[in-house]
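One letter stands for each residue in the lines below.
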Amino acid sequence: MKFGNLVIAGLVTGSIYAVFAVCVSVWYRVSNILNLAVGDFAMAGALGVDNLYRVKSWPLPAAIAATLVVVAVFAVAYDLVVLRLAQDGPRRQEGIVITFFFTFALSFFIDGVAKILFGTDVHAAPALWNGASLTVLSTLHIERAGLLVLACAVLIGSAFWLYIRYTLGGKAMEACGENPLGARIAGIDTRRYRRLIFVGTAVIAAVFGIVESPITGFTYLSGATISLTGFIAAAYGGFRKPGRALLAGLAIGILEALLGGYVSAEYGDTVLYAILAALVLAWPRAMGFESAVTG
Amino acid sequence: MTADPPALAVRGLSVAYGDMVAVHDATFTIAPGQACAITGPNGNGKSSILMGIAGLIRRRGGVEIFGAPAPSGDVRWAARHGLTLVPERRQLYPGLSAADNILLGCYGWTRSLRRARTSGPFGTALDLFPELRPHLRQSAGTLSGGQQQMVAIMRGLAAAPKILAVDEPCLGLAEVVARRVYDALAAIHEAGTTLIVVEEAPKRALTICDRRVEVRNGVAIAR
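Reading the values: the criteria
- Residues numbered from 1 in each chain as written.
- Chains lettered and ligands numbered in written order.
- Predicted model: local features only at pLDDT ≥ 70, side-chain atom pairs only at ≥ 80, totals over all residues.
- Axes fitted to C-alpha atoms, helices over the stretch in contact; angles between N-to-C directions.
- Helix = DSSP H or I, 4+ residues; strand = E, 2+ residues; numbered from the N terminus.
- Parallel < 35°, antiparallel > 145°, perpendicular 65-115°, else oblique.
- Contact = placed C-beta atoms within 7 Å.
- Pairing = 2+ DSSP bridges.
- Expected span 1.5 Å × (residues − 1).
- Buried ≥ 20, exposed ≤ 12 C-beta atoms within 10 Å, placed from the backbone.
- Arc of directions from axis to C-beta.
- pLDDT = per-residue confidence, 0-100.
- Left-handed = near helix turned anticlockwise from the far one by under 90°.
- Nonpolar A, V, L, I, M, F, W, Y, C, P; charged D, E, K, R; others polar.

How should the packing of helix α1 (residues 2-31) of chain A against helix α6 (residues 168-178) of chain A be read in this particular structure?
When two helices pack together, you describe them by how their axes are tilted relative to each other and by the distance separating the axes. All names here are of chain A. At a minimum axis distance of 5 Å, the contact between α1 and α6 shows a crossing angle of 65°. Comparing the axis directions of α1 and α6 gives the class roughly perpendicular. Note on element contacts: α6 touches α1 through M173, E174, C176 and G177, opposite Y28, R29, V30 and S31.

What follows is the structure, encoded as structure tokens:
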């Protein structure tokens, strides 16, 4: 049952990509800014909890709570100081500068701080659900941390979906990205939504880092890789369609696991990116890339 | 003695874009329930007056909405205090359905989707243009220009405005659609809403407006 186990492993990694892709595209929908630092918040969550729990000997719940509060406060501060000036200030930036540069810089900044605080070794937050991997149908194995990741992904995915589809706040959030001026005319506080979703997705990313890190382990540089894959998955959804981004994230995860298992463990990622690039070249419109460029 | 405040009082309003003064020292008042046309040739500053009042652009001078002084450059304040703008070029949310566009008009007074859907203002907005009902699920960006203008007015009406300010409602519309839009604006006014219409052609505006502010070279003359 190698195939089944590879698919399960791929689903777990894929659900991580999927959640990051959803975070990227939901926030892009609100603010028209791509969050390239979303993976770094995950890394900060995982390494922060590890540091407080293992090095500073804090109790685990306190370590998790403190890390999430720090991530949230930092995200609020970054929005209030940097993003507000960049997007709302008298010398506001437009186009590619605002879309990429500020979160790209943020990613480097978080990595740098993490390197000083946590060093360069591989660490992981302690497993939240201890025990041997679970066996389903006598041949399929799934790690407990993987199950937690899947559960969190389903929970967060459905929460976003329900929020956007069934609340006026969710529609207002979409309106912010669709037409910021039109949103303000209707009395919608576009800045508040930008901040709310930025902080919300940063905390979600941190939670995912904490839950997932026992599977793969994190270094201060792990965030960038996760951001990149989440970003690619989001691009397949045209950056504006969280549902498609979610499916793309899952597909990339499964493809990655299958390539690693059947083709080459060493060159699996290279083949994966070659396939992803070929898909875009062959069907740019179907892959959502056209709308990613033209909005 | 406390007389009722005017719906809108504009005192010494000036708008400048860099060194270029678009509106110079405009002063006028509009009483509750009135319909006022702001007319004048294109590029003379009439839209700038409206945007300055609504807070879409920064201005100098005082604006009071039902006696409350409006801060400069805060369109959300105006929306919360009863002045709803139906802006030039409509400013809809093209990827959202027409129904969602209209529903979001309710955002100024509720955060509950259910309350918005069952509310009087939303119902009144839907009844204003019954011909749009078959298109309510369609993305606003795929509607015709006339239908988009209808959605913009409906979104404005869903906000339950005390003052509805409409900027160039007929720009680029066919005559038959323009007439339909004006019929709807007349109905809104008859229902008791104070109306401000910015219009290049005074003839059409004056079919529904009982007074007029004419703008020439950035100078407003109340008539």
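Help me understand the sheet that holds strand β10 (residues 219-222) of chain B, please; the structure alone is not making it clear to me.
All names here are of chain B. Here six strands make up an open sheet; going across it, the order is β6-β7-β8-β3-β9-β10 and the pairing mixed. Each edge of the open sheet carries a strand with a single partner, namely β6 (83-86) and β10. The mean angle between the axes of side-by-side strands here comes to 15°, regardless of whether they run parallel or antiparallel. Of the pairings in the sheet, the one linking strand β7 (residues 163-167) to strand β8 (residues 194-199) comprises five bridges and is parallel in character. Looking at the pairing, I163 lines up with T194 of β8. Against the sheet, helix α7 (residues 175-190) contacts β3 (35-39), β7 and β8, and its axis sits at roughly 150° relative to β8.

How should α7 of chain B be read in this particular structure?
Given 3.6 residues per turn, any residue in an α-helix points the same way as the ones three and four places further on. Residue and element names in this part refer to chain B. Its 16 residues place the ends of α7 22 Å apart at the C-alpha level, agreeing with the 22 Å of an ideal helix rising 1.5 Å per residue. Taken together, the buried positions of α7 are V181, L185 and I188. On an axial view of α7, the arc spanned by its buried residues comes to 55°, and they lie on one face. In α7, those exposed residues whose orientation departs by more than 90 degrees from the buried face are E175, V176 and E190. Turning to α7, the residues buried within the fold contact α6 (145-158), β7 and β8. Of the residues one or two after α7, G192 is the one with positive phi, at around 110°.

I would appreciate a short explanation of the confidence of the model for chain B in the present structure.
Detail in the predicted coordinates should be disregarded across regions flagged by low pLDDT. Looking at chain B as a whole, its pLDDT mean stands at 92, while 99% of the residues score no less than 70. Of the two predicted TM-score estimates for the complex, the pTM is 0.87 and the ipTM is 0.92.

Looking at this structure, I do not really get the packing of helix α2 (residues 38-55) of chain A against helix α3 (residues 60-88) of chain A. What am I missing?
Residue and element names in this part refer to chain A. Closest axis-to-axis distance for the α2/α3 pair is 9 Å, and the angle between their directions is 145°. The chirality of how α2 crosses α3 is right-handed. Counting all contacts with α2, which are made through F41, A44, G45, G48, V49, L52 and Y53, the residues of α3 involved are L60, A63, I64, A66, T67, V70 and V71. Of the residues assigned to the contact of α2 with α3, the class counts are eleven nonpolar, three polar and no charged.

Even after reading the chapter, I still don't get the sheet that holds strand β2 (residues 20-30) of chain B, so can you show me in this structure?
Note: strands within a sheet are paired through backbone hydrogen bonds, in either parallel or antiparallel orientation. Residue and element names in this part refer to chain B. Across the sheet, four strands lie side by side as β2-β1-β4-β5; this open sheet has antiparallel pairing. A single partner strand is all that each edge strand has here, and the edge strands are β2 and β5 (68-69). Pairing between strand β1 (residues 8-17) and β2: seven bridges, direction antiparallel. Within β2, the position partnered with L8 by the bridge is I30.

What should I look at first to understand the pairing of β3 of chain B in this one?
A regular strand carries its side chains on alternate faces of the sheet. Residues and elements named next belong to chain B. Here β3 lies mainly inside the structure; five of its five residues are buried. Of the two faces of β3, the one holding A35, A37 and T39 and the one holding C36 and I38 are both buried throughout. Two strands pair when backbone bridges link them, and β3 and β8 are joined in this way by five bridges, in the parallel orientation. Along β8, the bridge assignment pairs A37 with V197. In this sheet, strand β9 (residues 211-216) lies alongside β3 in parallel orientation, the contact comprising four bridges.

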